[in-house]
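These are the residues of each chain, in order.
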Amino acid sequence: MIGLILLTIYQRKELNFHKLQQKELDDYATEVESIYRQLRGIRHDYRNHLQVMEAFTETKQLAQLRQYIRQLTNEMNQVDTIIRTGNTMIDALVNTKLTRAQEAGVALDATAIAPRNLAIEDVDLAIIIGNLLNNAVEATTLQLSAKGMAPFIRLYIAPMKNNLYISVTNTMFKNPQARFMSLKGVNRQGYGLRRIDQTVDKNKGHVNRQWEDGVFVTEITLPLLEKAG
């Protein structure tokens, strides 16, 4: 009887994890589609914008030209490009999530270099990078109202010794061991860590986490094998 109860509890937890995973993936897909829908619209109207600005210039309507440029700038700022690697999934996830952190007042330092095509599936990239940045943004946003070190996020992605190296460093004023590092129960932090670990292991990679003096660091290496063709 006890064994059956424990099995039922385990199955319910697994079901909850899968539901949360599907929600995360749906959110990522929505974010990516939103960004590229905006970009497609901007590209489609590019020639029209040039013609309007040329008309303002020829008729010496400089005030109207400046106003038009400001409107275009505001539209472009809605699709911020903090990093641009050429890898669609990485660019979409990083730019979307770090733009939100930046708007909240978190200092950013992001560098990313990645091949356009990777052997790792886009879904797995979304799980790893999405959860890494979700946790970093949550930790730093919570710190905005706290005293002490100014909140920041540092992201570094680059090929390194036949691996794709991913490093996320962020301020976290409390030791995360009791809360953030715990995989007990279904909570956002524990769920994110579990999904990262499962996906990295699936791709034969490695994860290293450290916390010291109010700074939390996650380092991930994934075998760098480009897709054939």
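Residue positions within a chain follow its written sequence, with the count starting from 1. With the structure being a predicted model, the display of local features is reserved for residues of pLDDT at least 70 and the display and counting of side-chain atom pairs for 80 or more, all residues being used for whole-chain, interface and lining totals. Computation of side-chain values covers all heavy atoms of the structure but excludes hydrogens and water.

### Description of the overall build of the chain
Under the convention used in this document: Secondary structure elements are defined from DSSP: runs of H or I of at least 4 residues count as helices, runs of E of at least 2 residues count as strands, and each element is numbered from the N terminus. Only protein chains enter the accessibility calculation, which uses a 1.4 Å probe. A residue is then buried if its area is under 20% of the maximum for its type, exposed if over 50%, and partly exposed in between. What makes two residues a contact is simply this: any of their non-hydrogen atoms within 4.5 Å. The method behind every accessible area is Shrake-Rupley, applied with a 1.4 Å probe, and residues are considered shielded solely by the protein chains displayed.
The helix and strand tally for the chain stands at six helices and five strands. Of the regular secondary structure in the chain, the N- to C-terminal order runs α-α-α-α-β-α-β-β-α-β-β. For the chain, the proportion of its 229 residues judged to be buried stands at 40%. Excluding contacts between residues fewer than 6 apart, the proportion of contacts in the chain whose partners are at least 24 apart in sequence is 68%. When the accessible area of the chain is evaluated, it comes to approximately 13800 Å², of which 54% is carbon and sulfur surface.

### Some details on the packing of aromatic side chains
Centre-to-centre distance and the angle between the planes together describe a pair of aromatic rings. For clarity, the threshold we go by: When two rings of Phe, Tyr or Trp (its six-membered ring) have centres within 6.5 Å they constitute a pair, described as stacked for plane angles under 30 degrees, edge-to-face for angles over 60, and tilted for the intermediate range.
Counting across every chain of the model gives two aromatic pairs. Here the aromatic rings of Phe-56 and Tyr-68 are separated by 6.1 Å at their centres, their planes lie at 65 degrees, and the arrangement is edge-to-face. Here Phe-56, found in helix H2 (residues 46-58), pairs with Tyr-68, found in helix H3 (residues 62-77); they are twelve residues apart in sequence, far enough to count as distant. This pair shows no difference in class: Phe-56 is buried, exactly as Tyr-68 is.

### Quick look at helix H5 (residues 122-143)
To keep things clear, this is the line we draw: Expected helix span is taken as 1.5 Å per residue step, with the number of steps being one fewer than the number of residues.
In this model H5 runs 31 Å from its N-terminal to its C-terminal C-alpha over 22 residues, within 8% of the 32 Å that 1.5 Å per residue would give. Buried residues dominate H5, accounting for 17 of its 22 residues.

### Brief notes about the pairing of strand E3 (residues 163-171)
Looking down a regular strand, the side chains alternate between one sheet face and the other. Under the convention used in this document: Pairs of strands are assigned from DSSP output, requiring at least two bridges between the strands.
Most of E3 sits inside the fold, with eight of its nine residues counted as buried. As paired elements, strand E2 (residues 152-160) and E3 share eight bridges and run antiparallel to each other. Across the sheet, residue Tyr-156 finds its bridge partner in E3, namely Ser-167. Between E2 and E3, which pair antiparallel in sequence order, lie two residues; one of them, Lys-161, sits at a positive phi of approximately 50 degrees. Of the strand pairs in this sheet, E3 and strand E5 (residues 215-223) are connected by nine bridges, and their pairing is antiparallel. Directly across from Thr-171, in E5, lies its bridge partner Val-215.

### Comments concerning the confidence of the model for the chain
Quick note on the threshold: Each residue carries a pLDDT score, the predictor's confidence in it, ranging from 0 to 100.
Of the residues in the chain, 71% have a pLDDT of 70 or more, and the chain-wide mean is 78. Confidence drops under a pLDDT of 50 for residues 179-187, and excluding neighbours within four residues, the segment shows 21 contacts in the predicted structure.

### Section: the pattern of salt bridges
To be explicit about the condition: Here a salt bridge means any side-chain nitrogen of Lys or Arg lying within 4 Å of a carboxyl oxygen belonging to Asp or Glu.
Applying the stated criterion across every chain yields a total of three salt bridges. Across the pair Lys-202 and Glu-121 runs a salt bridge whose closest N-O atoms are separated by 3.9 Å. Of this pair, Lys-202 sits in helix H6 (residues 188-202) while Glu-121 is found in the loop between strand E1 (107-112) and H5, placing the two residues 81 residues apart along the sequence. Across the pair Arg-209 and Asp-197 runs a salt bridge, and its minimum N-O distance is 2.8 Å. Of this pair, Arg-209 sits in strand E4 (residues 206-212) while Asp-197 sits in helix H6, placing them twelve residues apart in sequence. Residues participating in the shared-partner salt-bridge network are Glu-121, Asp-124 and Lys-202.

### Some remarks on the packing of helix H4 (residues 88-103) against H5
Counted only if it meets this: Whenever a helix is involved, its axis is fitted only over the stretch in contact; in every case the axis is a line through C-alpha atoms, and angles between N-to-C directions fall within 0 to 180 degrees. These descriptions rest on fixed angle ranges, namely under 35 degrees for roughly parallel, over 145 for roughly antiparallel, 65 to 115 for roughly perpendicular, and the rest for oblique. It is the rotation of the near helix from the far one that decides the hand of a crossing: anticlockwise by less than a right angle makes it left-handed, clockwise makes it right-handed. Charged means Asp, Glu, Lys or Arg here, nonpolar means Ala, Val, Leu, Ile, Met, Phe, Trp, Tyr, Cys or Pro, and polar covers whatever is left, Gly included.
At a minimum axis distance of 10 Å, the contact between H4 and H5 shows a crossing angle of 15 degrees. In this view, H4 runs roughly parallel relative to H5, as classed from their interaxial angle. For the pair H4 and H5, the crossing hand works out as right-handed. Of H5, the residues touching H4 (which contributes Met-89, Ile-90, Leu-93, Val-94, Lys-97, Leu-98 and Ala-101) are Asp-122, Leu-125, Ala-126, Ile-129, Gly-130, Leu-133, Asn-134 and Val-137. Looking at side-chain class alone, the contact of H4 with H5 contains eleven nonpolar, two polar and two charged residues.

### A closer look at the sheet that holds E2
Strand pairing in a sheet relies on backbone hydrogen bonds. The paired strands run either parallel or antiparallel. In space, the five strands of this open sheet follow the order E1-E2-E3-E5-E4, with mixed pairing throughout. Since the sheet does not close on itself, it has two edges, and those belong to E1 and E4, each with one partner. Strand after strand, the sheet turns through a mean of 10 degrees between neighbouring axes, direction not considered. Examined bridge by bridge, E4 and E5 share seven bridges and lie antiparallel to one another. Within E5, the residue paired with Glu-212 across the bridge is Val-215. Where H4 meets the sheet, its contacts fall on E1 and E2, and the angle it forms with E2 comes to roughly 165 degrees.

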